[in-house]
Structure formats: C-alpha cells, structure tokens
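Fold and contact review
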Amino acid sequence: MTVNRVRVIYQLARADFLERVRRYSFLVTLGFTLYFGYLGATGRIVLQLDKYRGAHNAAYIGGFMAYVTSIFLSLAGFYIVKNSLDRDRRTRVGQILAATPMARISYCAGKSLSNFAVLLAMVTVMAVAAVAMYFLVGDHSGFHVLPLLSPFFFLTVPAIAVVSALALVFETNGVLRGGLGNVVYFFLWNGLLLLGVVQFFTQTPHPFLDWTGGFTLDASLAAAAKAAYPGAVIMGFSLTVGSLQDAALHIFQWNGFQWTSEILLSRLFWLSIAVGVTLLAAALFDRFDPARGTPLLQNPFAAPLANEVADSTRTPIETFSAARLVPAAQRFRFGTMVAAEVKLMLKGQRWWWYVVALGLIIAELAVPVAVRGQILIFAWIWPLLLWSAMGTRETRMETSALIFSSPRTSARQLPAAWLAGVFVAMVTGSGCAIRFLLAGDTGQLFAWLVAALLIPSLALALGVWSGSSKLFEIVYLLLWYIGPLHAVAQLDFMGVTPAAIAAGIPKFYLAATIVLMVIALAGRKRQLRT
Amino acid sequence: MQLRIDKVSKQYGRSVWGLRDFTLEVGSGVLGLLGPNGAGKSTLMRILATVTGPTSGNVSWNGTDILREPDSVRAVLGYLPQDFGVYPHLNAMEFLDYLAAVKGLDTKPARRRIEELLVMVNLSEVRKRPLGGYSGGMKQRLGIAQALLNDPQLLIVDEPTAGLDPEERVRFRNLLSELSGDRMVILSTHIVSDIEAVATDIAIIAGGILVAHAPPENLLHTVEGKTWEWTLSSSELPEAKQRFLVSSTARRADGVQVRVIAEVQPAANAISVAPTLEDAYLKCLSAHRAGAAA
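Per chain, residue numbering runs from 1 following the sequence as it is written. Both sets of labels track the order of writing: A upward for chains, 1 upward for ligands. Under the rules for a predicted model, residues below a pLDDT of 70 receive no local features and side-chain atom pairs below 80 are neither given nor counted, while totals for whole chains, interfaces and linings still include all residues.

The next subject is the nonpolar core. In this description, a nonpolar core means buried residues of the types Ala, Val, Leu, Ile, Met, Phe, Trp, Tyr and Cys, linked to one another by C-beta atoms lying within 7 Å. Any residue whose C-beta has 12 or fewer other C-beta atoms within 10 Å is treated as exposed, any with 20 or more as buried, and any in between as partly exposed, C-beta atoms being built from the backbone. Within the largest apolar cluster, 153 residues are counted, with the highest numbers of intra-cluster contacts made by Phe95(B), Ile156(B), Leu187(B) and Ile204(B). Secondary structure follows DSSP: runs of H or I at least 4 residues long count as helices, runs of E at least 2 residues long count as strands, and numbering of each begins at the N terminus. Looking at this core, the element that brings in the most residues is helix α19 (residues 442–466) of chain A, giving 14 residues. Both domains that furnish three or more residues to this core are identified here as domain 1 (3–216) and domain 2 (221–293) of chain B. We call two residues in contact when the distance between their C-beta atoms, placed using the backbone, is within 7 Å. Each residue touching Ile156(B), except ones within four places of it in the same chain, is listed here: Met45(B), Leu48(B), Ala49(B), Leu77(B), Tyr79(B) and Ile186(B). Judged by nonpolar contacts, the second largest core, of 73 residues, contains Tyr60(A), Ala129(A), Leu148(A) and Ile160(A). Residue ranges for the domains trace back to a domain assignment, done automatically or taken from a database.

All names here are of chain B. The strand order β12-β13-β11-β14 describes an open sheet built from 4 strands, whose pairing is antiparallel. Each end of this open sheet is capped by a strand with a single partner; those strands are β12 (245–252) and β14 (271–272). Two strands pair under a simple rule: DSSP has to find at least two bridges between them. In terms of strand pairing, β12 meets strand β13 (residues 255–261) through 7 bridges, oriented antiparallel. Pairing of Val 246 across the sheet is with Val 260, part of β13.

Taken together, the contact between chain B and chain A spans 61 residues of the former and 49 residues of the latter. Breaking the side of chain B that touches chain A down by element, the ones donating at least two residues are α2 (71–74), β6 (77–80), α3 (92–102), α4 (107–120), α5 (136–147) and α6 (166–179) of chain B. Of the residues forming the side of chain B that touches chain A, the biggest block, 9 residues, is contributed by α4(B). Residue polarity is assigned by list, with Asp, Glu, Lys and Arg as charged and Ala, Val, Leu, Ile, Met, Phe, Trp, Tyr, Cys and Pro as nonpolar; anything else, Gly included, falls into the polar class. Residues of the side of chain B that touches chain A, tallied by class, amount to 30 nonpolar, 15 polar and 16 charged.

Turning our eyes to something else, we now look at the domain arrangement of chain B. All names here are of chain B. What the domain assignment reports for chain B is domain 1 (3–216) and domain 2 (221–293). Measuring from the centre of the C-alpha atoms in domain 1 to the corresponding centre in domain 2 gives 33 Å. Elements represented by at least two residues in the side of domain 1 that touches domain 2 include exactly α7 (192–198), β9 (201–206) and β10 (209–214). With 3 residues, the top contributor of residues to the side of domain 1 that touches domain 2 is α7. Among the residues forming the side of domain 1 that touches domain 2, the class breakdown is 9 nonpolar, 1 polar and 1 charged.

All names here are of chain B. Within a predicted model, pLDDT stands for the predictor's per-residue confidence, ranging from 0 to 100. Mean pLDDT over chain B: 91, with 100% of residues reaching 70 or higher. Taken element by element, chain B is modelled with least confidence in α6, mean pLDDT 83, and with most confidence in strand β4 (residues 56–61), mean pLDDT 96. Across the interface, the model reports ipTM at 0.79; the global pTM reads 0.79.

On to the packing of helix α18 (residues 430–439) of chain A against α19(A), then. Residue and element names in this part refer to chain A. The axes used here are C-alpha line fits, helices contributing only the stretch in contact, and every angle between their N-to-C directions lies in the interval 0 to 180 degrees. Two numbers describe how α18 lies on α19: the axes approach to 8 Å, and their chain directions differ by 155°. When the axis of α18 is compared with that of α19, the two are roughly antiparallel. Both α18 and α19 take part in a crossing whose hand is left-handed. When α18 is examined against α19, the residues Cys 432, Ala 433, Phe 436 and Leu 437 are found in contact with a partner set consisting of Gln 444, Leu 445 and Trp 448. Looking at the contact of α18 with α19 residue by residue, the class counts come to 6 nonpolar, 1 polar and no charged. An angle below 35 degrees is read as roughly parallel, one above 145 as roughly antiparallel, one from 65 to 115 as roughly perpendicular, and any other as oblique. Left-handed is the label given to a crossing in which the near helix is rotated counterclockwise from the far helix by less than a right angle, and right-handed is the label when the rotation is clockwise.

So this is what it looks like as structure tokens:
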C-alpha cells in the first residue's frame with residue numbers, strides 16, 4: 001500500500017468522523033451511551049447465571065462491562081453508523097469523490113475506519129464507566145488495570161470492527177441500504193447471537209463462532225461458578241436492568257480471562273472477518289454511479305425510478321399567459337387530503353407487494369383460529385417500510401419548504417398522513433377484523449383497533465422527531481419481535497396473546513397512542529417554528 | 001397590499017447573523033432582492049414564507065403579524081425555495097394534485113389549473129412520467145408551477161432561474177412581469193439581468209443588512225455620468241483594478257477594454273457610457289464595504 005493511499009484513507013476516515021461527531025445526533029447517542037454506562041457503573045444492569053453472579057472485582061467488572069458494550073453496540077452500533085455512504089449521496093459529496101482518482105478500496109477502508117472510530121468513542125465511554133463502576137460498587141479487592149480493560153480490547157474491539165464493516169456492506173447494496181437492510185440486520189444479529197447461545201447450552205465453547213465475545217465470557221464465568229459451587233446447575237444467563245438487590249444470588253470469584261492463544265486467535269479471526277467484509281463492500285460499491293443505484297429509494301419494494309426523461313418540446317414564448325389560467329379556489333377537503341396521503345404512501349409499490357398483502361388478508365380470513373394471530377403478526381410487519389416513511393418524507397425528500405409554507409399543515413396534513421397509516425394497518429389486518437366482528441369478539445376487535453391506531457402514531461412521533469425512518473424501524477421491530485412474536489404480554493400491542501387481552505394491555509396502548517400523537521404534533525409544530 | 005418587515009434579525013449560533021435589523025416595506029409589483037452569495041437573501045425569503053422564524057423583529061402582511069398568525073399569509077402565498085425536492089415516484093400531475101390538497105384548493109378547478117400550469121411551464125408532455133427522472137431544469141419548472149398553484153397574492157421566488165436555459169429564463173421573466181400587476185412578487189437572485197428585466201423596485205442586501213432600496217431608475221441615477229470605458233494594455237490592467245472599481249473587462253485586438261465606475265474621468269481616453277443596473281449594484285456594494293471597513 002502506497003503512502004498516498006494511506007493518506008487518502010486517513011483523510012476520508014478523518015473527514016467522515018469529524019462530520020459525524022460534530023452533529024447533534026452524535027451527542028445524543030453519546031449521551032445515551034453514557035447513561036448506559038451509568039446504569040452499569042451503579043450496578044443497575046446485572047449479569048446473572050441463573051442464581052449466581054461474580055463478585056465485583058476488577059476482572060469481573062471489566063468483563064461484564066465489555067460484554068454489555070459488545071451486545072449493545074453489535075445491535076445499536078450498526079444503526080448508529082449505517083449512514084456513511086448515505087450522507088455522501090445526500091450531500092452530493094459522493095459525486096465529487098467519484099470524479100477523483102480515489103480507489104474504491106480506499107474509500108471503503110476510510111468509511112469502515114470512520115464507522116469503527118465512532119463506535120470506539122462509545123467503547124471508550126463504557127471503559128471509563130467500568131473504572132467508575134469499580135470505585136462505586138466494586139469490592140475493593142484491588143484495582144488491576146489489565147483484567148479490567150483487556151476485555152474491552154480483546155472482546156469488544158473486534159466486535160465493533162465487524163459491525164463497522166457490516167454497516168458499510170449493507171450501504172453498498174442497493175436493496176439493503178434502506179429500511180429492508182435494517183430489518184435484515186436485526187435477524188442476522190439474532191442469528192449470530194444464537195450461535196453463541198448454542199455454544200453455551202451445548203457446553204462446547206467455540207470462540208471462533210462467538211462474534212461479540214460475550215459467550216466466551218459466559219462460559220468462563222459458568223466454569224468459575226461451578227468451581228465455587230460444585231454441583232451447581234446453570235441452565236441460562238440473563239442481563240437484567242434493575243437495582244443491585246441481589247441478596248438471593250450466590251456470589252463467586254472470577255479472576256479474569258486466561259487469554260489463551262485460541263481466544264486471541266478467535267478475536268483475530270473476527271478482525272479479519274471485518275477486513276474481508278470491508279473488501280466485499282469495496283467490490284459492491286457503485287462509486288455513486290446513479291445508473292447502478294437508486295439513491296432516493298428508502299423502500300426496496302418500490303418500483304425502480306425511470307431513467308432521465310427527455311425534455312418536452314418547446315411552445316412559443318407568446319403562447320401562454322398567466323392571466324388566462326383557471327382561477328384557484330380555496331376549499332379544503334379533509335377526505336381529499338387523506339386520499340392524497342394514501343396515494344403518496346402507496347405510489348410506486350411493486351405489484352407483488354400487493355399480492356403478498358392480499359395473500360395475508362386471505363390467510364387471516366381462512367386459517368384456523370389458533371394461528372390467526374400469527375398471520376396478523378406477519379401482516380403488520382409487511383407494511384413496515386410504508387409506515388417508517390411517515391413523518392420523515394418531508395425531510396428526506398426535501399419537500400418541507402413546500403409543505404410547511406402551506407396553511408394549517410399541523411391540523412391538516414399531519415392528521416391526514418396519520419389516517420393514511422391507519423388505513424394501511426386496517427386494510428392489511430382487515431381479515432382478522434372481519435373474523436373478530438363475525439365472532440362478536442369485542443375484546444380482540446378493540447385490541448386490533450388500538451394496534452391499527454398505535455402503529456402509525458409511533459411511526460409519526462419517531463419520524464417527526466428523529467427525521468429518519470431508522471428509529472421507527474428498530475423500535476417497532478424490537479416491539480414486534482419481543483411482544484407479539486414471542487408472546488410477552490406486556491409488549492403485545494396487537495393483543496394476539498390471550499394474556500394481553502386478559503390483563504387489559506390494549507387500554508395501555510390506547511393511552512400510549514394518544515401520547516404519541518401529542519408528541520408527533522409537538523414535533524411538527526417545532527419543525528414549523530424552525 | 002403591504003408587506004412590512006420591521007427590524008428583523010436572524011442569528012445562527014452565537015456570533016453569526018443571517019439578518020440584522022432588516023427593515024423594509026413592500027407594495028404590489030416585483031421587488032428584486034439583490035445581493036452577493038451569503039448576503040442573507042434566502043434567510044429573508046424563508047422568514048417571509050413562514051418556513052423559519054426570525055430571532056427578533058416583526059413581519060406583517062396587510063397589517064397581520066405573520067409570525068403569530070402564519071396561516072394568514074400561507075393561504076395567499078406561492079413559494080419557490082432555492083432548493084427543494086420532489087417525490088420521485090409521483091408524476092407531475094400527482095405531485096401538484098398532492099400540493100393542491102395540502103394548500104386546501106378546491107379539487108376540480110385545481111385539476112384544470114394544474115393542466116394549464118403544466119402547459120405553461122412546458123411539462124405537459126412529460127406530466128405522466130415519474131419525477132425521479134426529471135432533469136434539474138424540469139424540476140425547477142415544476143417548482144414554478146407549484147408556486148402558482150393557488151393563484152398567490154404574494155409570490156416569493158428564490159433564485160428561480162437557476163437551472164433554466166436562456167429561453168426558459170425569458171419565459172419566466174415575462175411571466176413574472178405579467179403576474180406583478182395586482183400582486184406582490186419578491187424575486188431573490190444574484191443575477192442582475194434577471195432583476196433588470198422585471199423589477200419595479202430593488203432592495204440590495206449585503207451581510208444581512210439592507211444596503212439600498214429604490215426603484216431601478218433611482219439606482220441608475222447614482223452612477224449617471226460615473227461610468228467609463230477605455231482600452232488599455234494587459235500590463236496596465238492590474239493597476240487599473242487597484243485604482244478603480246472595475247465593472248467589467250473584455251479582450252480586444254488592441255488590448256483590454258475596461259469599464260469602471262469613477263467620480264472623475266479615470267484616463268484621458270476614457271469615455272462616459274450609459275450606466276447599467278450592474279454598475280449601480282457594484283457601486284452600492286463597494287460603498288457599503290468601504291463604510292463597513294471604516
């Protein structure tokens with residue numbers, strides 16, 4: 001690699017890093033990381049192996065905080081840094097870069113390094129929090145720097161290197177760069193974590209399959225717990241957020257990792273995966289060629305854009321007159337506004353999107369009662385990318401100046417956009433609603449209605465305040481995954497689990513809907529003021 | 001019809017001022033807002049279009065405070081921002097239909113007006129094509145059409161001719177002239193020839209401050225008898241640039257023809273020529289900069 005190429009990579013990474021850290025959103029993210037660190041440092045996040053936990057010595061605190069950081073950044077970190085190429089597309093800096101002799105590999109290496117640097121800043125915050133944690137809740141058995149900080153270096157750093165590279169490769173792919181990529185990554189993350197979980201339960205630690213390094217730690221902790229309490233049966237582990245009232249837990253000593261060559265090699269292996277993924281990104285990178293990508297598309301289910309339209313033929317200068325135009329008349333109709341929002345929301349969707357949506361509606365009508373809820377769960381993830389555009393479209397498409405200079409935007413356009421979202425929810429879930437009606441199941445019908453109102457409210461509130469569809473995609477996906485899909489009643493906003501209906505959970509979500517709408521309205525008013 | 005801008009300031013961060021104590025009264029006709037890049041033109045336009053608020057000061061439309069009641073002006077406002085986007089999957093008809101709904105227009109007359117506007121801006125033949133395939137100039141023309149959608153009493157256009165070809169520029173200037181009869185048009189640009197063609201009143205802005213506000217004739221009067229042209233050698237040009245306010249230069253077979261603004265004849269062979277608005281604008285800016293430096 002030539003000196004010049006190194007300089008190019010450094011400058012690319014530096015410029016991208018500075019652009020990011022000088023943004024308000026970085027401070028918010030860092031603030032959130034600090035809060036997370038505070039929770040850890042004050043013992044409000046607890047790692048338990050069934051009824052056991054490690055004594056709060058320096059090694060355990062370091063290992064535990066590195067573990068929390070790895071898990072947190074392996075998911076949230078992806079969404080935090082997956083905007084590097086997108087920014088160059090939007091700011092059109094990419095077009096300038098594309099016209100330079102810069103190699104694709106240099107560009108991708110620079111971007112991957114910038115992603116890494118952003119996440120490393122967060123790791124540093126958590127490492128400082130780990131030191132604080134030792135002095136706040138540690139057992140004062142001796143402050144040993146290496147056992148405290150080495151897990152961050154050996155476990156977390158390779159994990160965030162992989163996240164940085166994955167975020168980049170998703171951005172270089174036309175289909176994965178938008179909302180679908182956010183969904184795909186969530187399931188990929190789940191799958192990769194599952195590899196570690198399998199190791200834990202099969203009692204065969206395999207560090208090369210442990211991306212975050214967390215399960216290598218779990219295995220080491222479990223071994224220490226069993227050594228301290230012979231005959232202990234450890235069936236699982238959990239991270240809980242709460243207070244340090246763990247009198248019921250058995251405490252064991254864990255003096256840190258033996259950094260065996262196998263563990264170190266496995267971490268090097270994951271670092272090399274990061275390098276490999278960055279190379280893959282370079283191979284996929286379209287160098288901002290508009291003919292090879294669809295930069296404005298957030299939704300891959302939408303039809304591709306047409307090639308540049310040939311300009312129309314000229315009409316002579318004297319043939320038009322503004323005075324001859326039909327006079328405009330003010331007569332606002334809310335129905336027209338809602339119809340326009342529905343059209344805007346659905347315009348450009350491909351035919352097979354409608355076919356799948358129709359198939360789900362038919363399935364809702366036809367399947368046995370026992371699986372009806374499962375169909376509804378999938379019917380209400382299908383329009384995710386339609387909902388996630390709500391509240392962000394004006395910012396993303398730069399139409400805010402046109403729309404916000406129109407009369408009564410908050411009172412007209414925002415509620416109409418919300419109703420368009422409700423309409424999509426109601427139509428895609430209509431099969432279930434018909435069955436609830438026919439069966440006279442008012443409880444289920446109420447829960448269904450609340451969910452149909454809640455989803456667009458959540459989308460609007462998060463979209464208007466964040467200006468990005470990403471936040472809703474992640475929050476909704478998490479809620480959908482933990483609540484309805486894994487039948488956690490408190491988070492079952494669709495009411496598909498009997499326990500949620502019995503506990504009156506829909507009433508809570510109805511209140512949440514109202515709160516979210518107020519938040520969305522306040523956000524829009526703020527946009528109009530600034 | 002009156003727009004009153006009273007001591008309007010806009011501050012960005014702690015020390016950057018987009019506008020400072022800007023005061024101006026505007027009546028019907030075309031107000032040309034001239035100024036160099038970064039002068040605060042777009043900031044002023046956004047405030048008048050109620051897209052952003054000032055840090056201090058008041059703006060009223062026909063006596064109504066538009067900062068307190070922005071909808072009073074939004075109902076009669078047509079706004080073409082300097083930069084704006086479109087929804088790439090909609091076609092021109094659908095996009096304008098959508099904006100007509102947002103602006104609260106009656107559907108049927110709006111639809112007819114949209115069709116006519118698309119003819120007017122030369123987009124009728126591509127009205128069914130997705131906007132994602134439009135060129136910059138076509139998007140700009142669509143922007144002009146949307147600004148005229150509600151037959152606005154107050155039309156605010158920010159750098160409207162950017163991206164238009166010469167023929168389209170002429171069409172647009174003619175359109176503005178025609179529109180200005182019984183309404184107020186505020187045209188912001190740094191292209192003096194655009195203003196020269198249509199403005200009935202000119203405001204010059206620099207560094208967020210109103211430098212001059214007068215009809216074009218009065219501005220021209222400030223450089224009457226002070227605009228000179230002569231030909232000199234290339235080697236003499238740097239000195240001339242140092243000594244005089246050079247308005248333009250042009251290569252000639254016998255040297256370089258310079259046009260300067262000066263109180264007295266700058267050279268023995270210099271001849272007095274008829275001033276243009278560009279000369280007046282440059283003199284105005286030069287005087288402002290000299291005053292600011294002093």
